[in-house]
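So you can see what is in the structure, the chains are spelled out below.
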Amino acid sequence: MSSVRFLIPLLLWCALYYSLGYISLFLDDPASRVSFVWFPAGLAVSAFLLTSRRHWPWLFLGLFLARTLLDVTMRHSLETSLIHSLISLSNDFAIAWCVRHFTRPNDMLYSLVIWFSATLITSAIAAALGVGWVALRHEVNFNQTLWIWWSANVVGTILLTTIVMGLFWRQPSFVLKKGLSGAVLWLLLCISAVYVFHQPVGGPRGEAFLFSLACIPVMIMIAIPVLSGNQLGALSFLSFCIIVIYYSWQRNGPLFIPGLREGEPLLLAQCYLSGTALLLNFVYLLKHHVTHVVSSYYLDPRTGRLTWDNSATVLSQQLAKIGHIDQLFSFMSPDDQSKMRERWEAVQKGGVIKQPFPFLLTLSPSKKLPLHETKLIALQQPDGVVLIGYWAGEFQQNVPDLIIKES
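Just so it is clear, the model here is predicted, and its values are computed rather than measured. (Residues numbered from 1 in each chain as written. Predicted model: local features only at pLDDT ≥ 70, side-chain atom pairs only at ≥ 80, totals over all residues. Heavy atoms only, no water.)

Colleague: It is not clear to me how the overall build of the chain should be interpreted in this structure. Could you clarify?
Modeller: A count of helices and strands for the chain gives 15 helices and five strands. The buried share among the 407 residues of the chain stands at 47%. Sequence-distant contacts in the chain: of pairs separated by 6 or more residues, those separated by 24 or more amount to 67%. For the chain, the accessible area works out to roughly 20,500 Å², and carbon and sulfur atoms hold 66% of it. (Helix = DSSP H or I, 4+ residues; strand = E, 2+ residues; numbered from the N terminus. Buried < 20%, exposed > 50% of the residue type's maximum accessible area, 1.4 Å probe, protein only. Contact = heavy atoms within 4.5 Å. Areas by Shrake-Rupley, 256 points an atom, 1.4 Å probe, with all protein chains shown as cover.)

Colleague: Is there a simple way to explain the side chain of Thr161 in this structure?
Modeller: Looking at the secondary structure, you find Thr161 in helix α7 (residues 142-167). Classification of Thr161 by relative accessible area gives buried; the value is 5%. A distance of 3.4 Å separates a polar atom in the side chain of Thr161 from the backbone oxygen of Gly42. Every residue in contact with Thr161, bar those within four places of it in the chain, is listed here: Gly42, Val45, Ser46, Trp115, Gly156 and Gly166. (Polar contact = N/O pair within 3.5 Å; in protein donor to acceptor, adjacent residues only side chain to side chain.)

Colleague: Got a minute to help me understand the packing of helix α2 (residues 7-24) against helix α3 (residues 40-49) in this structure?
Modeller: When two helices pack together, their arrangement is given by the angle between the helix axes and by the axis-to-axis distance. The contact between α2 and α3 brings their axes to 9 Å, and the two run at 160°. Taken together, the axis directions place α2 and α3 in an arrangement best described as roughly antiparallel. In this structure, the crossing between α2 and α3 has a hand that is right-handed. Contacts between α2 and α3 pair Trp13, Leu16, Tyr17, Leu20, Gly21 and Ser24 from the former with Pro40, Leu43, Ala44 and Ala47 from the latter. Among the residues making up the contact of α2 with α3, the classes are represented as eight nonpolar, two polar and no charged. (Axes fitted to C-alpha atoms, helices over the stretch in contact; angles between N-to-C directions. Parallel < 35°, antiparallel > 145°, perpendicular 65-115°, else oblique. Left-handed = near helix turned anticlockwise from the far one by under 90°. Nonpolar A, V, L, I, M, F, W, Y, C, P; charged D, E, K, R; others polar.)

Colleague: Would you mind showing me how to read the packing of aromatic side chains here?
Modeller: Aromatic ring pairs are reported here in terms of the distance separating the ring centres and the angle at which the planes meet. Here the structure, examined in full by the defined rule, presents 18 aromatic pairs. Here Phe48 and Trp56 contribute two aromatic rings whose centre-to-centre distance is 5.7 Å and whose plane-to-plane angle is 80°, an arrangement assigned as edge-to-face. What makes Phe48 buried here is its relative accessible area of 0%. By relative accessible area, which is 6% here, Trp56 ends up buried. Put simply, the rings of Tyr297, Trp308, Phe357, Phe359 and Trp391 touch in pairs and so form one group of aromatic residues. (Phe/Tyr/Trp six-rings, centres within 6.5 Å; stacked < 30°, edge-to-face > 60°.)

Colleague: What am I meant to see in the nonpolar core here?
Modeller: General note: in soluble globular proteins, nonpolar side chains tend to be found buried as a group. Core analysis: the biggest nonpolar cluster contains 73 residues, and Leu63, Leu159, Phe237, Phe240 and Tyr272 have the highest contact counts within it. The element best represented in this core is α7, accounting for 10 residues. Excluding residues within four positions of it along the chain, Leu159 makes contact with Phe39, Phe237, Cys241, Leu273, Ser274 and Ala277. Met332, Val347, Leu369 and Leu387 belong to the second-largest nonpolar core, a separate cluster that totals 23 residues. (Core = buried A, V, L, I, M, F, W, Y, C linked by side-chain atoms within 4.5 Å.)

Colleague: In this structure, what is going on with the pattern of salt bridges? I would like to understand it.
Modeller: Opposite charge on two side chains lets them pair, provided their charged atoms get close. A full pass over the atoms with the stated rule returns four salt bridges. A salt bridge links Arg67 to Asp71; the nearest nitrogen and oxygen atoms lie 3.3 Å apart. Of this pair, Arg67 and Asp71 are both found in helix α4 (residues 56-73), four residues apart, which corresponds to roughly one turn of the helix. A single burial state applies to Arg67 and to Asp71, both of which are buried. Its salt-bridge partner being Arg343, residue Glu373 comes within 2.9 Å of it at the nearest N-O pair. A residue pair is termed long-range when its members are at least 10 positions apart, and Glu373 in strand β4 (residues 367-381) and Arg343 in helix α15 (residues 334-348) qualify at 30 residues. (Salt bridge = Lys/Arg side-chain N within 4 Å of Asp/Glu carboxyl O.)

Colleague: Please explain empty space enclosed by the protein as it appears in this structure.
Modeller: Remark: the empty space left among the atoms is shown by a probe the size of a water molecule rolled over them. What the rule picks out here adds up to three cavities of 30 Å³ or more. Val37, Ile245, Leu266, Ala269 and Gln270 are, among the 11 residues lining the second largest cavity, the residues nearest its centre. Grouping the constituent residues of the lining of the second largest cavity by class yields nine nonpolar, two polar and no charged. (1 Å grid on protein atoms, 1.4 Å probe; cavity = no way out; pocket = protein on both sides within 12 Å on 5 of 7 lines; lining within 4 Å. Points joined across faces, edges and corners; volume = space filled by probe spheres on them.)

Colleague: What is the right way to look at the packing of helix α6 (residues 108-137) against α7 in this model?
Modeller: One can describe the packing of α6 onto α7 by two numbers: an axis separation of 8 Å at closest approach and a directional angle of 140°. If you check the angle between α6 and α7, you find them oblique. For the element pair α6 and α7, the recorded crossing hand is right-handed.

Colleague: Where do I start with a nonpolar patch on the surface in this structure?
Modeller: Where nonpolar side chains cluster on the molecular surface, the patch consists of Leu167, Phe168, Leu235, Leu238 and Ile242 and spans about 440 Å² of accessible area. When residues of the nonpolar patch are assigned to their parent elements, the largest contribution, three residues, is made by helix α11 (residues 230-249). Inspection of the secondary structure puts Phe168 in the loop between α7 and α8 (176-197). (Patch = residues over 30% accessible without salt bridge, like charges linked within 9 Å, V, L, I, M, F, W, Y side chains within 5 Å.)

Colleague: What's the story with the environment of Pro225 in this structure? I'm lost.
Modeller: Mapped onto the secondary structure, Pro225 falls in helix α10 (residues 215-228). Residue Pro225 is classed as buried on the basis of its relative accessible area of 0%. On a C-alpha basis, the gap between Pro225 and Leu235 in space is 9.9 Å, while along the polypeptide they are 10 residues apart.

Colleague: Looking at this structure, I do not really get the pairing of β4. What am I missing?
Modeller: Put simply, side chains in a regular strand alternate between the two faces of the sheet. Sheet topology note: the strand β3 (residues 357-364)/β4 ladder contains seven bridges and is antiparallel. Across the sheet, Leu361 pairs through a bridge with Leu369, a residue of β4. Following β3, the chain reverses through two residues before pairing antiparallel with β4. (Pairing = 2+ DSSP bridges.)

Structure, rendered in structure tokens:
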């Protein structure tokens, strides 16, 4: 049944992939016929990150067919289309797999570093394979084509992943004042970007003046998610990218500095947008609130019964359904179980434990809580000794629900 429900999202991903690929193929290098920016790469990476792993084979197949159909539509041979599709989708899949596999619970900075590193490395491997195949079939400059292919995939991944994941970022409730301020900033962003990037090369104001003006849209762009949320920031960045790419392709704007060689101004435009995208990701990260919460439990060692405090913290809500130590141990690794029992036995015998105890509570494959037992004491009661422990953890807010989903 879940596979049937996934059919509509799959068709939407494939349609978007095809559309973005069609646009990208118009932004190609006439000599090598390789696109300067490959937008579908970022869309495919986002699709894998936002999709449950059990649906990855179907998503890979759907995007593979969309890419093959795109190449055939552009009159590439079927053999070349299949090879290019396999290389591109394998690259996108590898980036998403690295993010999912190496990510740490509640550590978005680490995930961001993994995503960026995987994009650079796997794109280089894919570029070498793709350009090697093209060089066997056509007379092209291997080094130049390799550079274009790699940069196109890296830029496309950075730009589209930033936009798509920003759109799926879980938002707090809508506030009219923030929405209006965001709309005003979006309008200012578009006006300033159009003004700066529609300027012809060698205008009366000089290249240095226009180049300094290019910082203004970036500052406005960074302010939008800070004041109005990540989703509006992603939509604004999409508008910004369209304006910059359109005018840069028309050979206008401050990035077309006289004296640069063919292709270098477009490389500057890619660096300009990629740098802005990375800044946006760090803004998302800074807005990714970390909340330190504490919960306490009451344990009767004779019965194994656990009672949790009645606080309304995120951690207490997660633990409220655990009423017995057997149930608790079912969510812990054997090593953590052994250490927890040793702590309880030591305290019952009159020992004092001062060192915190870090452990991982796996409530489900997609819900893992890294916790610390910060304090453990024993209280003598008429019926025997009872234990009181305090657990602490950090919980991050406004996370895209499926970015770190393991299922």
